[in-house]
Amino acid sequence: MAHLRGSHRKGREPVTATSIPHAPGFFASETPRVVTQRFDYEDGYTFERAMATGAYEGFKTALTRTPSEVHDEVRAATVLGRGGAGFPAGVKWGFMPPTVWPRYLVVNGDESEPGTYKDRLLMERDPHQLIEGCLIAAYATGLSQCFLYVRGEMPLAHERIAQALNDAYADGLIGKNIQGTNFSLDIILHWGAGAYVVGEETALIESLEGKRGMPRLKPPYFPAAIGLYGQPTIVNNVETLSNLPWILTNGAAAYTAIGTESSPGTRVVAVSGHVKRPGVFEIVNGTTTFRDLLYGEDYCQGIRDDNELKAFVPGGGSAPWFTPEQLDVPFEGRECSAAGSMLGSGAIMVMDETTDIPTAALSLTRFYAHESCGKCVPCREGGTWLEKILTRVVQGRGTSRDLDLLLEVGATICPGDFPHASSSDLGLDATPFPYKMTTICFVGPSAFAPIHSALTLFRGEFEDRLIDDDAAGAIGVPVAISSNPTGEEAS
Ligand SMILES: Cc1cc2nc3c(=O)[nH]c(=O)nc-3n(C[C@H](O)[C@H](O)[C@H](O)COP(=O)(O)O)c2cc1C
Ligand code: SF4
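Residues numbered from 1 in each chain as written. Chains lettered and ligands numbered in written order. Predicted model: local features only at pLDDT ≥ 70, side-chain atom pairs only at ≥ 80, totals over all residues.

### Things to note about the overall build of the chain
Looking only at helices and strands, the chain features 19 helices and 9 strands. Since a compact globule built from 491 residues should have a radius of gyration of about 23 Å, the 23 Å found for the chain is in line with a globular shape. Along the longest, intermediate and shortest principal axes, the C-alpha atoms of the chain span 80 × 50 × 45 Å. The contacts of the chain with a sequence gap of at least 6 include a subset with a gap of at least 24, amounting to 75%. (Helix = DSSP H or I, 4+ residues; strand = E, 2+ residues; numbered from the N terminus. Rg over C-alpha atoms; globule rule 2.2 N^0.38 Å. Contact = placed C-beta atoms within 7 Å.)

See below:
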């Protein structure tokens, strides 16, 4: 029986969950596929189908080698972390102190970044691939306990992973002395409670320890040194680990033959918004451009109603925005960063010419302000202020002072230059990613990112909604900075 933690565990009748209906599914393409091959089968998540299509072969190959050889293979493949930061998995594993036990593997399946739902599909449609990735990572790093943290709002993923764990335990693929070797691993499935910030790895560790899910102060920057229960801990994303079975089966050289030297392999992306075919796609890392993705027949097939593209968010709701000028930027971390944004969580949100830009920015800012855990003041207060001031502007009650105020409040969260895309129309050069921040984690800056992009690239759309000071005074909106810049009455 799989070890279950969270609200699903105690003697309840199993519930057959259904997929979230409004998020489109996966579309296969002609390009190489590393992690979505089993998506071709309706029953790809079952033990029978998985075993009939090569599941656990990569792990069995790993068992014929020493742990350090397996680690070297993963290091040679340069598997960039797919959770957002893009840090190579093999290098990160090497940060664990070599002589400290116990040590843990934590799988980050908390995916909640706006627009992002590729990990959910990987968990729902191929849980055995993920479990095999955990086995390979655990074997390579010499650990025997793994915690699989799945977002609470993903009941289908939870149900299928639980079943897959039961089947793998029953078949002797997980547990003690696996396949007659000295290697043992337990995998504990833990159901999250639905806080976005718990995707941040130290908040996730706090949550696993039974505490409120708030990010830890840094340093240490990597839980590899001090993580779960104060022990060395590897935190990896679902997609990162899902790459490992293919790499062990086919070899690092075959993996690096796909994509580019700095960004090998493939990448799973989720596209939402105003394209003809939104969905999840596996694309080639490093070479596929945003133009290929948004207009390619294999992928999104163009903008809906053949409208003009106005802007797109290239890497999850936290990422600075791009415009059609950046369509030829490839999915390559450094190039995307130099162009003023980030690839982040692999979610692309597309806005066509009909989009009301201030409202779009507000919708993202509202999300991050709401998700602030409250641990640091610039995020807790700043995010709320940003939301309230922008709401006033969107509702046609703002003055020109409010636009400056948005930038001033943003500068308390992110002092100095904030990244943005170039614009030949506006005569702007790109300011590269990343930014400085006064907060513990990226939630604070994320509330400001959409406002900064929208105001920098589409200021006219904000100005069109402003009222003058007399009109503002007449409806009781403050026209100068005060102790209550949001303009809301205290309750
Ligand atoms: C606010 C915030 C939310 C995050 N959410 C996720 C998430 O949902 N899934 C994820 O894998 N990483 C998320 N991350 C990144 C994790 O902190 C961590 O870098 C990642 O899980 C490491 O795995 P990787 O190296 O395989 O990418 C988030 C980071 C921040 C700051
Ligand atoms: S930035 Fe926001 S979410 Fe992150 S630790 Fe600070 S208050 Fe919490």
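Next comes the rest of the description.
### Remarks on helix H15 (residues 377-394)
Taking 1.5 Å per residue, 18 residues should reach 26 Å; H15 reaches 25 Å between its end C-alpha atoms and fits that length. Regarding H15, the residues found buried are Pro378, Cys379, Gly382, Gly383, Trp385, Leu386, Glu387, Ile389, Leu390, Arg392 and Val393. For H15, the secondary structure elements touched by its buried residues are helix H14 (357-371), helix H16 (400-413), helix H17 (443-457) and helix H18 (459-463). (Expected span 1.5 Å × (residues − 1). Buried ≥ 20, exposed ≤ 12 C-beta atoms within 10 Å, placed from the backbone.)

### Section: the site of ligand 2
Residues in close proximity to ligand 2 total 15 residues, the closest being Cys373, Cys376, Cys379, Cys441 and Val443. Counting contributing residues, the shell around ligand 2 receives three or more from each of domain 1 (3-15 + 23-256) and domain 3 (357-474). (Near = placed C-beta within 6 Å. Domains from an automatic or database assignment.)

### Overview of the site of ligand 1
Taken together, 23 residues lie around ligand 1, and Gly81, Gly83, Gly199, Asn237 and Thr240 are the ones closest in. Among the elements that take part in the shell around ligand 1, strand E5 (residues 233-237) stands out by supplying 3 residues, more than any other. Composition of the shell around ligand 1 by domain shows at least three residues from each of domain 1 (3-15 + 23-256) and domain 3 (357-474).

### Focus on the domain arrangement of the chain
For the chain, the assigned domains read domain 1 (3-15 + 23-256), domain 2 (266-352) and domain 3 (357-474). Centre-to-centre separation of domain 1 and domain 3, based on C-alpha positions: 36 Å. In the side of domain 1 that touches domain 3, the residues fall into 7 nonpolar, no polar and 1 charged. (Nonpolar A, V, L, I, M, F, W, Y, C, P; charged D, E, K, R; others polar.)

### Points about the environment of glycine 279
Its location among the elements puts glycine 279 in strand E7 (residues 279-284). When the C-alpha positions of glycine 279 and phenylalanine 26 are compared, they lie 5.7 Å apart, and in sequence the two are 253 residues distant. Among residues more than four places away in sequence, those in contact with glycine 279 are Pro24, Gly25, Phe26, Phe27 and Val271.

### With respect to the pairing of strand E8 (residues 309-313)
Buried residues dominate E8, accounting for 5 of its 5 residues. Sheet analysis places E8 next to strand E9 (residues 347-352), joined by 4 bridges and oriented antiparallel. Looking at the pairing, alanine 311 lines up with methionine 351 of E9. (Pairing = 2+ DSSP bridges.)

### Quick notes on the packing of H16 against H17
Relative to each other, H16 and H17 sit at 145 degrees, their axes nearing to 10 Å. Judged by the sense of rotation from one axis to the other, the crossing of H16 with H17 is left-handed. Judged by residue contacts, Leu403, Leu406, Leu407, Gly410 and Ile413 of H16 engage Gly444, Pro445, Phe448, Ile451, His452 and Leu455 from H17. When the residues that make up the contact of H16 with H17 are grouped by side-chain class, the tally is 8 nonpolar, 3 polar and no charged. (Axes fitted to C-alpha atoms, helices over the stretch in contact; angles between N-to-C directions. Left-handed = near helix turned anticlockwise from the far one by under 90°.)

### Here's the deal with helix H6 (residues 127-141)
Between its first and last C-alpha, H6 extends 21 Å over 15 residues, near the 21 Å set by a 1.5 Å rise per residue. When you tally the buried positions in H6, you get 15 out of 15 residues, the bulk of the element. At the exit of H6 stands glycine 142, carrying a positive phi of roughly 65 degrees.

### Some words on the packing of H6 against helix H7 (residues 155-170)
In contact at an axis separation of 9 Å, H6 and H7 are set at 60 degrees when each is read in the N-to-C sense. When the axes of H6 and H7 are compared, the pair comes out oblique. Considering how the two elements wind past one another, H6 and H7 form a crossing that is right-handed. For the pair H6 and H7, the contacting residues are Pro127, His128 and Ile131 in the first and Arg160, Ile161, Ala164, Leu165 and Ala168 in the second. The class makeup of the residues in the contact of H6 with H7 is 6 nonpolar, 1 polar and 1 charged. (Parallel < 35°, antiparallel > 145°, perpendicular 65-115°, else oblique.)

### Notes on the pairing of E9
Buried residues dominate E9, accounting for 5 of its 6 residues. Of the strand pairs in this sheet, strand E6 (residues 266-273) and E9 are connected by 4 bridges, and their pairing is parallel. Opposite glycine 273, over in E9, you have valine 350 as the bridge partner.

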